[in-house]
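# Chain and residue survey
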Amino acid sequence: SQLDKALPADFPAKSCMAIKHPAFLCDIKMDGERDLIHVRRGVVTVQSRNGTWYSPLYSPAIGPAIRAAIAGYDVDVILDGEMIAWDNSENKPISFGSNRAVAEMNRNQRVRDGTLDERDVDLHRNETGINVMTLAKAKRLQGSFGDSKNLEGLSDCDYWLQYVVFDILYVDGPGAKDLISKSRHLFAKDELIPTGSLINMDCMQRKSILYNLIRPQPKVVEHIRSIVVRSDGSNMDAADYFLGRCNSEYGKTPCEFDSIHLAMCDGSGTTKFDGRRMRGMTHEDIEIRRTLALEQLYKEI
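Residues numbered from 1 in each chain as written. Predicted model: local features only at pLDDT ≥ 70, side-chain atom pairs only at ≥ 80, totals over all residues. Heavy atoms only, no water.

A few words on the overall build of the protein chain. The secondary structure content of the protein chain amounts to eleven helices and ten strands. With the C-alpha coordinates aligned to their principal axes, the bounding extent of the protein chain is approximately 65 × 45 × 35 Å. Counting across all 301 residues of the protein chain, residues that qualify as buried make up 49%. Looking at the protein chain alone, contacts between residues at least 24 apart form 73% of all its contacts between residues at least 6 apart. Accessible surface, the protein chain as shown: approximately 15100 Å² in total, 50% of it carbon and sulfur. Here the protein chain carries 39 positive and 43 negative side-chain charges, and the mean point of each set is 1 Å from the other. (Helix = DSSP H or I, 4+ residues; strand = E, 2+ residues; numbered from the N terminus. Buried < 20%, exposed > 50% of the residue type's maximum accessible area, 1.4 Å probe, protein only. Contact = heavy atoms within 4.5 Å. Areas by Shrake-Rupley, 256 points an atom, 1.4 Å probe, with all protein chains shown as cover. Lys, Arg positive; Asp, Glu negative; His and termini not counted. Charge placed at Lys NZ, Arg CZ, Asp CG, Glu CD.)

Further remarks concern the environment of Arg289. For Arg289, the location among the structural elements is in helix H11 (residues 283–300). The exposure class assigned to Arg289 is partly exposed, which follows from its relative accessible area of 36%. When the C-alpha positions of Arg289 and Asp232 are compared, they lie 8.4 Å apart, and in sequence the two are 57 residues distant. Beyond its immediate sequence surroundings of up to four residues, Arg289 is in contact with Asp232, Gly233, Ser234 and Met281. For Arg289, the side chain forms a polar contact with the main-chain oxygen of Asp232, separated by 3.2 Å. (Polar contact = N/O pair within 3.5 Å; in protein donor to acceptor, adjacent residues only side chain to side chain.)

Turning our attention to the environment of Ala71. Mapped onto the secondary structure, Ala71 falls in the loop between helix H3 (55–69) and strand S4 (76–87). Measuring from C-alpha to C-alpha, the distance between Ala71 and Thr134 comes to 27 Å, with 63 residues separating the pair along the chain.

Among the six residues that make up strand S3 (residues 43–48), five are buried, leaving the element largely enclosed by the rest of the structure. In this structure, the hairpin formed by strand S2 (residues 33–40) and S3 is closed by a connection of two residues, where Arg41 is found at a positive phi of approximately 50°. (Pairing = 2+ DSSP bridges.)

Not every positive phi belongs to a glycine, and Tyr250 is a case in point at roughly 55°. Tracing the sequence through the fold places Tyr250 in the loop between helix H7 (238–242) and helix H8 (254–258). With relative accessibility at 37%, the residue Tyr250 sits in the partly exposed group. Not every positive phi belongs to a glycine, and Arg279 is a case in point at roughly 50°.

Another point: the side chain of Asp87. Secondary-structure assignment places Asp87 in strand S4. Only 3.3 Å separates the side chain of Asp87 from the backbone nitrogen of Glu90, close enough to count as a polar contact.

Bringing H11 into the picture now. Between its first and last C-alpha atoms H11 spans 26 Å; for 18 residues at 1.5 Å apiece the expected length is 26 Å, and the two agree. Among the residues of H11, those classed as buried are Ile286, Arg290, Ala293 and Leu297. Along the long axis of H11, the arc covered by the buried residues comes to 60°, so they all point the same way. Within H11, the exposed residues directed more than 90 degrees away from the buried face are Glu284, Leu292, Tyr298 and Lys299. In this fold, the buried residues of H11 make contact with helix H2 (17–20), strand S1 (24–27), strand S9 (226–229), strand S10 (235–237) and helix H10 (274–278). (Expected span 1.5 Å × (residues − 1). Arc of directions from axis to C-beta.)

Here the protein chain averages 86 in pLDDT, while 90% of its residues score no lower than 70. By mean pLDDT, helix H1 (residues 2–6) is the weakest element of the protein chain at 69, and strand S7 (residues 196–197) is the strongest at 97. (pLDDT = per-residue confidence, 0-100.)

Right, let's talk about the sheet that holds S9 for a bit. Taken in spatial order, the three strands line up as S1-S9-S10 in an open sheet, and their pairing is antiparallel. In the strand order of this sheet, the two ends are held by S1 and S10, each with one partner. The sheet shows a mean angle of 25° between the axes of neighbouring strands, direction not considered. Direction of pairing for S9 relative to S10: antiparallel, over a ladder of three bridges. The residue bridging Val229 from the neighbouring strand is Asn235, located in S10. (Axes fitted to C-alpha atoms, helices over the stretch in contact; angles between N-to-C directions.)

The structure is reproduced here in C-alpha cells:
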C-alpha cells in the first residue's frame, strides 16, 4: 500500500499485514436518496447532501423506526445513508423516484390510525435561511421499469420508507461514552476517545460504533449489505465482523488484527502474530484470495 511505502524503513509496523494488505469494505450500493439523519433528544430530522431539509416530508414516516433503532443508548447522532421506498407486495425496493409519494402515504396513514408522533410534526417551522422541502412533488409510484405502478387492490400499508445506514458521523449525549466503550478494543490502550464528531476516526472505529448502536428494524432501518475483505485474504459479513460474532484469533478479534490504527500504535500487539497468520501463504497468494472474494460478491449481486 502507499502507506507502507511512505513509512520509514525502521518503523516497527512497516510491511505488517494490516498495512500491506489493508482490509476494505464492500457495500452494495442502493438506488436511493443520499440523506443525513440527525437525531437530537428524540427529534428526527432529515437533510439531503445538497443541504435541503426533507424532515416535514420524511420524519413522520421514518422517525419512529429511527428512534427504535437507536433506543439501546441515550444518544444524539448524525447518520449517513440511503432513503429508499419499499414495496411489500413485491418484497423489494421500488424504483428510484417514489420516495416522496411513499412518504406522503405513510404520513397520511399515521394520521388516520392515530400513530403520528408529535415530535415528527412542524419541524423547522421557526427556522429561517434554510431550504425546506414540504410537499411531495411526485405523487405516483414507479414500477420496476419506471412506469406508473397499478395501485388497484393495494393499500398504503404495502409501501413504506426504508433507511439503509452505512456510516455514523456524530454521537453525543448521556449514553455516548457507554456506546463508544463497546469499541474500546479498536483504540490504543491509553487513547482518549472523544464524543461529538467522529469524522477523524478511521472507518473501522466508526463502523464498530455504528453496528453496536443500530438495532435493525426489519425492512425499515437496516445496515447496508456489506462484507469485509480482510488483510489475510479471508472475508466475512460486516455485522459478524464488527460485532465480534466470530472466533477470536490469538485472543484478538479479526477487526483488531486488521486495524491499521492499532498496527501503528507501538505495543498494540496486533502485528506479532503475522507470521502465523500467513499460514504459509505469500503476499501474492493473499492478494489473489482478496480478488476472488470481491469477484464472488459481484456474482451474488
